[in-house]
Amino acid sequence: MNNAPMQVIIALLLGFKRNGHIFLGLILGILVGCWVPQENFPQVYKILNFAGEAFINIIQMVVLPLVVSAIIIGISNIGDSKQLTKFGSKMLLYYGIITVLAVSIACAVAIILQPGASAKALINQDIAHHIQEYVASAIQYQRENLVQIFMDIIPKNPFEALATGKMIPVIIFTSIFAIALTRAGEISRPLVSLFESIFAATMKVTDWIMYLAAPGVFALTATAVSSFGISVFNNISKYVLAFCIAIALQFFVVYPVMLKVFSKVPVGKLFGAISEAIMVAFGTASSSATLPLTITCCEKRVGISNRVCSFVLPLGATLNMDGTAIMQTIAVIFLTQMYGIELTPLLMVEIAFLAVVASSTSAGIPGAGLITIALVLNGIGLTPEQLVVGFSLLFALERFLDMFRTICNVVSDTVVAAIIADNENELDYELLCGKSIEQKV
Ligand code: ASP
C-alpha cells in the first residue's frame, strides 16, 4: 500500500504514453495557453474557445441518449428488486464513504494550512462588483426557493427535463421507468432491446468523437490557461495549495485504500486503463461530457461488466462529486478565515455536511460547483456583502481548479464501479491484468 502513489503515477504515465496524442494535446494546450494570454491575443483566444466549446458540444450530444439507455439497460439487467436494492445500496454506501472522506480531508488540510488567513490583507473593496450581484442573487434565490429547488428535481414533465438537460429529474424518471419495465416482464423486452440498440449506437458515436479528443483537449486546455493571468495565482496560492493537497490525498491515498480494503482491484492497472477518461475530464472540466468515455474505458479496458457500468457510472456522473465537495469545503473555510469568522467545530461539521449535499446537487458541467456553493454559504448564514471580495478570488482560478476536481469526480465513479464489479464477480480480471487474478495476488 505504501507504494500506491508510485503505482498510480507510473500507471498514469504509461496510460498517457499509450494515449500520446491526447497527452500531447494537453501539454501543447498548456504551452500555447501560456504564450497567448487572453488579454494580448483576444482573437486567438476566441478561436481556441470556439474549438473547445465545439468539442464539448459534440460530446454532450451523446450524453442524454447514453444516460437514459444505460440506466434502462443497467436496471433491467440487474433484474429482480432484491438485487437492485443490493446494488443500489452498495453504490450509495461507497459513494457516501468517498465523499465523506473527501470533505474530512478538505477540512483537515484547510485547518492546517489556514489558506484564508493570509488572504485577509487582500480585501480590496473595489474589485468584482458584478460578482456581488451574482452572489447576492444566487443566495437570495436559494434562500427563497429551497422548497422549489427540491420540487424541481421531481420530474413533472420528463420530456421538458430531457429537452433542457436537467440530469437529476431525468435520472429519477428513467430509474422509475426502468424498474417498471423490469416488473412488466416479457412484454417490455422489445423496448429494452430498443434501448440496447440506442446504447450501442451512442457508444459507436463516442468512438468516432474520440478522434477529436486530442485537438479538443488542446483547445480547451489552451483556453483555460490563457484566460487566467499567472499573477492571480500569487494572491490565492495557499488556497490553491490546500486544494491541490486535498485532491492529491484523495487521488493517491483514498482511492488506493478504498480499492485495497473493499476489493482486489490493482490500483495501477485501473488508473492506467482509465487514463484517456482522466485526460478528457481534465480538458472538458465536465464529468457529464466525459461519461461516454468513462463507460468505454471501464467496459473495454478495465473489464467491468455492462450491467455494473450502465448502472453505477451514469448515476455517479451526476451524484458523486467528491472533487467538487473538496473545493466547496476548502473555499468556504477559506472565506470564513479571510473574513475572520470563528470556525467552531460545529460550524465545520455544518460546512462539511452542506458540501456533501451541495456537491451532489451540482451538475457535471464546468463551473457547476461554484454555483451550488451558494447552498453551503447560505446554510451557514453568510451574507453576500461579506463575501464579495473573497468570491472574486475564487473565480479567478475557477476553471483551472475545476479541471482537477473533475478528474476526481470521474475517477471516484470508476473506483466505485470497479469495487462493486469486483464484489459481484462482474470484473474481467484477465482483461484488466492480462492474466488471471490468482496469478496476480
Ligand atoms: N465541473 C465539475 C464536473 O463536471 C463540477 C464542478 O465542480 O463544477 O464534475
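Rules and cut-offs
- Residues numbered from 1 in each chain as written.
- Predicted model: local features only at pLDDT ≥ 70, side-chain atom pairs only at ≥ 80, totals over all residues.
- Heavy atoms only, no water.
- Helix = DSSP H or I, 4+ residues; strand = E, 2+ residues; numbered from the N terminus.
- Contact = heavy atoms within 4.5 Å.
- Areas by Shrake-Rupley, 256 points an atom, 1.4 Å probe, with all protein chains shown as cover.
- pLDDT = per-residue confidence, 0-100.
- Axes fitted to C-alpha atoms, helices over the stretch in contact; angles between N-to-C directions.
- Parallel < 35°, antiparallel > 145°, perpendicular 65-115°, else oblique.
- Nonpolar A, V, L, I, M, F, W, Y, C, P; charged D, E, K, R; others polar.
- 1 Å grid on protein atoms, 1.4 Å probe; cavity = no way out; pocket = protein on both sides within 12 Å on 5 of 7 lines; lining within 4 Å.
- Points joined across faces, edges and corners; volume = space filled by probe spheres on them.
- Near = heavy atom within 4 Å.
- Polar contact = N/O pair within 3.5 Å; in protein donor to acceptor, adjacent residues only side chain to side chain.
- Sits in = over half its atoms within 2 Å of the grid points.
- Expected span 1.5 Å × (residues − 1).
- Buried < 20%, exposed > 50% of the residue type's maximum accessible area, 1.4 Å probe, protein only.
- Salt bridge = Lys/Arg side-chain N within 4 Å of Asp/Glu carboxyl O.
- Phe/Tyr/Trp six-rings, centres within 6.5 Å; stacked < 30°, edge-to-face > 60°.
- Disulfide = S-S within 2.5 Å.

Q: How should the overall build of the protein chain be read in this particular structure?
A: Regarding its fold elements, the protein chain presents 24 helices and 0 strands. Once local pairs closer than 6 in sequence are excluded, the contacts in the protein chain between residues at least 24 apart make up 86%. Just so you have it, the protein chain exposes about 18,600 Å², and 67% of that area is on carbon and sulfur atoms.

Q: Is there a simple way to explain the confidence of the model for the protein chain in this structure?
A: Note: predicted coordinates in regions of low pLDDT should not be interpreted at a detailed level. When pLDDT is averaged along the protein chain, the result is 82, and 86% of the positions lie at 70 or above. The lowest-confidence element of the protein chain is helix H24 (residues 437-440), averaging 43 in pLDDT; the highest-confidence one is helix H13 (residues 237-262), averaging 93. In this model residues 436-441 is a low-confidence stretch, pLDDT under 50, and it forms 7 contacts with partners more than four residues away in sequence or in other chains.

Q: It is not clear to me how the packing of helix H15 (residues 275-284) against helix H16 (residues 287-302) should be interpreted in this structure. Could you clarify?
A: The geometry of H15 relative to H16 is characterised by a closest axis approach of 9 Å and an angle of 175 degrees between their N-to-C directions. Of the possible angle classes, the one that applies to H15 and H16 is roughly antiparallel. Along its contact with H15, which presents Glu276, Ala277, Val280, Ala281 and Thr284, the element H16 presents Ala289, Thr290, Leu293, Thr294, Cys297 and Arg301. Of the residues belonging to the contact of H15 with H16, the class tally is 6 nonpolar, 3 polar and 2 charged.

Q: Explain the layout of surface pockets here, please?
A: Taking a probe equal in size to a water molecule and rolling it over the atoms shows the remaining empty space. Space inside the largest pocket adds up to approximately 1,200 Å³. Looking at the largest pocket, it is lined by 44 residues, and the ones nearest its centre are Ile153, Ile168, Pro169, Thr361 and Ala363. Looking at the lining of the largest pocket element by element, the count peaks at 7 residues for helix H9 (residues 167-184).

Q: Explanation requested: the site of the ligand in the structure shown.
A: Ser287, Thr324, Gly369, Asp402 and Arg405 are the nearest of the 16 residues found near the ligand. Taking Ala368, its main chain carries an N or O atom lying 3.0 Å from an oxygen atom of the ligand. The fraction of the free accessible surface of the ligand (270 Å²) that becomes covered by protein chains is 100%. With respect to the detected pockets, the ligand is housed in the largest cavity. The set of elements that each furnish at least two residues to the shell around the ligand consists of helix H20 (368-379) and helix H22 (398-423). Top contributing element to the shell around the ligand by residue count: H22, with 4 residues. Counted by class, the shell around the ligand contains 6 nonpolar, 8 polar and 2 charged residues.

Q: Just checking my understanding: could you explain H9 for this structure?
A: Helical geometry: 3.6 residues make up each α-helical turn, so side chains three or four residues apart lie on a common side. The end-to-end C-alpha distance of H9 is 25 Å, a good match for the 26 Å that 18 residues give at a rise of 1.5 Å each. Buried residues of H9: Met167, Ile168, Pro169, Val170, Ile171, Thr174, Ser175, Ala178 and Leu181, and no others. Following H9 by one or two positions, Gly185 has its phi on the positive side, about 80 degrees.

Q: How should I be thinking about the pattern of salt bridges in this particular structure?
A: Note on pairing: side chains with opposite charge can pair once their charged atoms come close. In this structure the tally under the stated criterion is 9 salt bridges. Asp207 is the partner of Lys300 in a salt bridge, and the nearest nitrogen-oxygen pair spans 3.5 Å. With Lys300 in helix H16 and Asp207 in helix H10 (residues 189-209), the pair connects residues that are 93 residues apart, well separated along the chain. The exposure class assigned to Lys300 is partly exposed, which follows from its relative accessible area of 48%. Residue Asp422 is joined to Lys264 by a salt bridge in which the shortest nitrogen-to-oxygen separation is 3.2 Å. Of this pair, Asp422 sits in helix H22 while Lys264 sits in the loop between H13 and helix H14 (267-273), and the two are 158 residues apart along the sequence. Since its relative accessible area comes to 8%, Asp422 is described here as buried. Note on Lys264: relative accessible area 38%, which makes it partly exposed. Via salt bridges that share partners, Lys86, Lys90 and Glu424 belong to a single interconnected network.

Q: Explain the packing of aromatic side chains to me, please; I cannot follow it from the model alone.
A: The geometry of an aromatic ring pair is captured by two quantities: the separation of the ring centres and the angle between the planes. Tallying each qualifying case throughout the model produces 10 aromatic pairs. With centroids separated by 5.7 Å and ring planes inclined at 20 degrees, the aromatic side chains of Phe173 and Phe177 adopt a geometry described as stacked. Here Phe177 and Phe173 lie together in helix H9, a separation of 4 residues that amounts to about one turn. Residue classification places Phe173 among the partly exposed residues on the basis of a relative accessible area of 34%. When its relative accessible area of 32% is taken as the criterion, Phe177 is described as partly exposed.

Q: Honestly, the state of the cysteines in this entry has me stumped. Any pointers?
A: The bond known as a disulfide is covalent and runs between the sulfur atoms of two cysteines. Evaluation of the coordinates by the stated rule reveals 0 disulfides. Distance from the sulfur of Cys297, which forms no disulfide, to the nearest cysteine sulfur (Cys298) is 6.8 Å. Its relative accessible area of 1% is what places Cys297 among the buried residues.

Q: Looking at this structure, I do not really get the packing of H10 against H16. What am I missing?
A: Two numbers describe a pair of packed helices, the interaxial angle and the distance between the axes. At a closest axis distance of 10 Å, the pairing of H10 and H16 adopts a crossing angle of 100 degrees. By the angle between their directions, the pair H10 and H16 is classed as roughly perpendicular. Of the residues in H16, those touching H10 at Phe199, Met203, Thr206 and Asp207 are Pro292, Leu293, Ile295, Thr296, Glu299 and Lys300. Residue composition of the contact of H10 with H16, grouped by class: 5 nonpolar, 2 polar and 3 charged.

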